[in-house]
Amino acid sequence: MRINPPLVALATGAFGIGVTEFAPMGMLPGIASDLGVSIPAAGLLVSAYAIGVLIGAPLMTLTTGKIPRRYLLIGLMAIFTLGNLMSALATDYTSLLIARVVTSLNHGAFFGVGSVVAASLVAPDKRAGAVAAMFMGLTLATIGGVPLAAWFGEVLGWRTAFWGISGLGLITMLALWFALPNVELPKSDGVLAEIRVLGRGPVLAALALTVVGSSAMFTVFTYIAPILSTQTHASTGFITAMLVLYGVGLTLGNMWGGKAADRSIDRTLIASLSVLILVLLAFTVLMRWPLPAAVAILIWGIASFAIVPPLQMRVMEAAKGAPNLASAVNIGAFNLGNAIGAALGGAVISAGLGYPAISLAGAAMAALGLLMVLGFAWRSRPVAPRVCS
């Protein structure tokens, strides 16, 4: 699929959001040391961001339904920029926690509205690919933006990284202003009607699957820096390289997941979750050695993000009467999984079970997601008509 300028602008926004969402994971040790808190407490900054997304996604979408999509997306990036400025100026743990919540409020609505806008810009049989193209900015952020932020955080201090992300927010606003067309407002039967759509069984099931799938990824990824530091005995340079490699995996997984989901959503999810289970089980052992750990991280990244386009399309198709709200809430569901995963990994550390046990917990969440997909596929299978003799 050829990338057009509006999709590039949306991907630029996704890149900025991806950097600010994932950057703290590469800076957890520095943030924890500077603010005088533990690693699990610093990990709660990830959970706070995720909870903010969960709350902000429906709130921002429902209250901005009459705002033209172009201006709405630019306004959401203004909130993003403000939140990162607050993070750069934070002087203690509480103020940083508040800043992270403010930053997160734009996240769900941007990806939710952006996904619908992206899908509307291409032919119907290319919609999953268009959504994947926008999310490409998110995966590219993990290749370049997140490792660069981690490096800045290590060398110049984590606040410097947030100053840089704020500048990225301004660039994103300009990209959206010049490249994004005036998209027609979606038809809506009202707020209550859209909320009722979310109560449908297939929609709730799709959202639940998103939560579980995201949890499988973030249980381990939230603590990737301390895992590599303590188990692989890695240097700062190696950790940065592994963040880049993981981002390469996410990008490859996003590309494959978008194309594969246009053919079959269920088969894409089954294949991706199966690989994710296997690689996280293997990572419990392979994390001890640099080269095997690197191979596992690449495959883990591919499997992790291959599930994103099909999960987003599953929700959008199940909630055709309220695509903007459902799409935004699904981004909130991703981040609820993010929060659950970060909390689960932190609980494993606090319980003294060791870092390899975090990978086992992630594999267990992926297995739960696989069982859910298989269950949904079984329930929706075509039933052969009975032949009366």
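Bear in mind the structure is a predicted one, so any value in this text is a computation, not a measurement.

Asks: Run through a positive patch on the surface, naming residues and quoting values.
Replies: A cluster of basic residues, K126, K259, R263 and R267, forms a positive patch at the surface. Considering the arrangement of structural elements, one finds K126 in the loop between α5 (107-120) and α6 (127-155).

Asks: Kindly report on the packing of aromatic side chains, identifying the contributing residues and their values.
Replies: Going through the model one piece at a time under the given rule, you end up with 8 aromatic pairs. Aromatic side chains Y246 and W300 sit 4.8 Å apart centroid to centroid with 65° between the ring planes, which places their arrangement in the edge-to-face category. With a gap of 54 residues between them, Y246 in helix α11 (residues 236-261) and W300 in helix α13 (residues 290-306) connect regions that are remote in the sequence. For the residue pair Y246 and W300, the accessibility class agrees, reading buried in each case. When the ring of F283 is compared with that of W300, the centres are 5.6 Å apart and the planes differ by 40°; the resulting orientation is tilted. One end of the pair, F283, is in helix α12 (residues 265-286); the other, W300, is in helix α13, with 17 residues separating them in the sequence.

Asks: Explain the environment of N84 to me, using residue names and the numbers behind them.
Replies: Within the secondary structure, N84 is located in helix α3 (residues 69-89). Those residues in contact with N84 that lie beyond four places of it in its chain are T20, T103, F162, I165 and S166.

Asks: Just give me the short version of the nonpolar core, but keep the residues and values in it.
Replies: Core analysis: the biggest nonpolar cluster contains 112 residues, and L10, F135, L176, F221, L276, F283 and W300 have the highest contact counts within it. Ranked by residue count, the leading element in this core is helix α1 (residues 5-35), at 14 residues. Residue assignment places this core across two domains, with domain 1 (1-188) and domain 2 (190-380) each supplying three or more. Leave out the neighbours within four places in its chain, and L276 touches A216, W300, A303, S304 and A366. Counting residues in each nonpolar core, the second largest holds 12 residues, with L198, V315, A319 and A333 among its members.

Asks: Tell me about α12, residues and numbers included.
Replies: For α12, spanning 22 residues, the distance from its first C-alpha to its last is 31 Å, which sits close to the expected 32 Å at 1.5 Å a residue. Within α12, the full set of buried residues consists of I265, T268, L269, S272, L273, L276, I277, V279, L280, F283 and T284. Lining the buried residues of α12 we find α9 (201-221), α10 (224-230), α11, α13, α14 (308-318) and α16 (355-379).

Asks: How would you explain the side chain of T103 if you had to name every residue and give the values?
Replies: Assignment of secondary structure puts T103 in helix α4 (residues 93-104). The class for T103 is buried, based on a relative accessible area of 0%. For T103, the side chain forms a polar contact with the main-chain oxygen of A99, separated by 2.8 Å. Sequence-distant contacts of T103, that is, excluding residues within four places in its chain, are made with T20, Y49, F80, G83, N84 and S87.

Asks: I'd like to hear about the domain arrangement of the protein, residue by residue, with values.
Replies: Split by domain assignment, the protein resolves into domain 1 (1-188) and domain 2 (190-380). Each partner contributes to the interface: domain 1 provides 49 residues, whereas domain 2 provides 47 residues. Between domain 1 and domain 2 lies a buried interface of about 3900 Å² when both sides are counted; carbon and sulfur atoms form 73% of it. Per-residue buried area on domain 1 facing domain 2 is highest for M25, L62 and A128; these three make up 14% of the total on that side. For the pair domain 1 and domain 2, the interface holds 0 residue pairs in polar contact (both at pLDDT 80 or more). Going through the elements one at a time, α1, α2 (39-63), α5 and α6 are the ones with two or more residues in the side of domain 1 that touches domain 2. Ranked by the residues each element gives to the side of domain 1 that touches domain 2, the list is headed by α6, at 15 residues. Its residues assigned to classes, the side of domain 1 that touches domain 2 shows 31 nonpolar, 12 polar and 6 charged.

Asks: An account of the pattern of salt bridges is needed here, citing residue identities and associated values.
Replies: Inspection of the entire model under this criterion finds 2 salt bridges. Across the salt bridge formed by D266 and R314, the nearest N and O atoms sit 2.3 Å from each other. Highlighted residues: D266 in helix α12 and R314 in helix α14, separated in sequence by 48 residues. D266 sits in the partly exposed class, given a relative accessible area of 24%. What makes R314 buried here is its relative accessible area of 16%.

Asks: Quick one: what's the story with a nonpolar patch on the surface, residue by residue and with numbers?
Replies: Taken together, the side chains of I67, Y71, L174, W177 and F178 make up a nonpolar region of the molecular surface, amounting to roughly 560 Å² of accessible area. Per element, the largest residue contribution to the nonpolar patch is 3 residues, and it comes from helix α7 (residues 158-179).

Asks: Kindly report on the environment of L281, identifying the contributing residues and their values.
Replies: Along the polypeptide, L281 turns up in helix α12. Placed 79 residues apart in sequence, L281 and L360 show a C-alpha to C-alpha distance of 6.0 Å. Once residues within four sequence positions are removed from consideration, L281 is found in contact with L360 and A363.

How each quantity is defined
- Residues numbered from 1 in each chain as written.
- Predicted model: local features only at pLDDT ≥ 70, side-chain atom pairs only at ≥ 80, totals over all residues.
- Heavy atoms only, no water.
- Patch = residues over 30% accessible without salt bridge, like charges linked within 9 Å, V, L, I, M, F, W, Y side chains within 5 Å.
- Areas by Shrake-Rupley, 256 points an atom, 1.4 Å probe, with all protein chains shown as cover.
- Salt bridge = Lys/Arg side-chain N within 4 Å of Asp/Glu carboxyl O.
- Lys, Arg positive; Asp, Glu negative; His and termini not counted.
- Charge placed at Lys NZ, Arg CZ, Asp CG, Glu CD.
- Helix = DSSP H or I, 4+ residues; strand = E, 2+ residues; numbered from the N terminus.
- Phe/Tyr/Trp six-rings, centres within 6.5 Å; stacked < 30°, edge-to-face > 60°.
- Buried < 20%, exposed > 50% of the residue type's maximum accessible area, 1.4 Å probe, protein only.
- Contact = heavy atoms within 4.5 Å.
- Core = buried A, V, L, I, M, F, W, Y, C linked by side-chain atoms within 4.5 Å.
- Domains from an automatic or database assignment.
- Expected span 1.5 Å × (residues − 1).
- Polar contact = N/O pair within 3.5 Å; in protein donor to acceptor, adjacent residues only side chain to side chain.
- Buried area = accessible area lost by both parts, 1.4 Å probe.
- Nonpolar A, V, L, I, M, F, W, Y, C, P; charged D, E, K, R; others polar.

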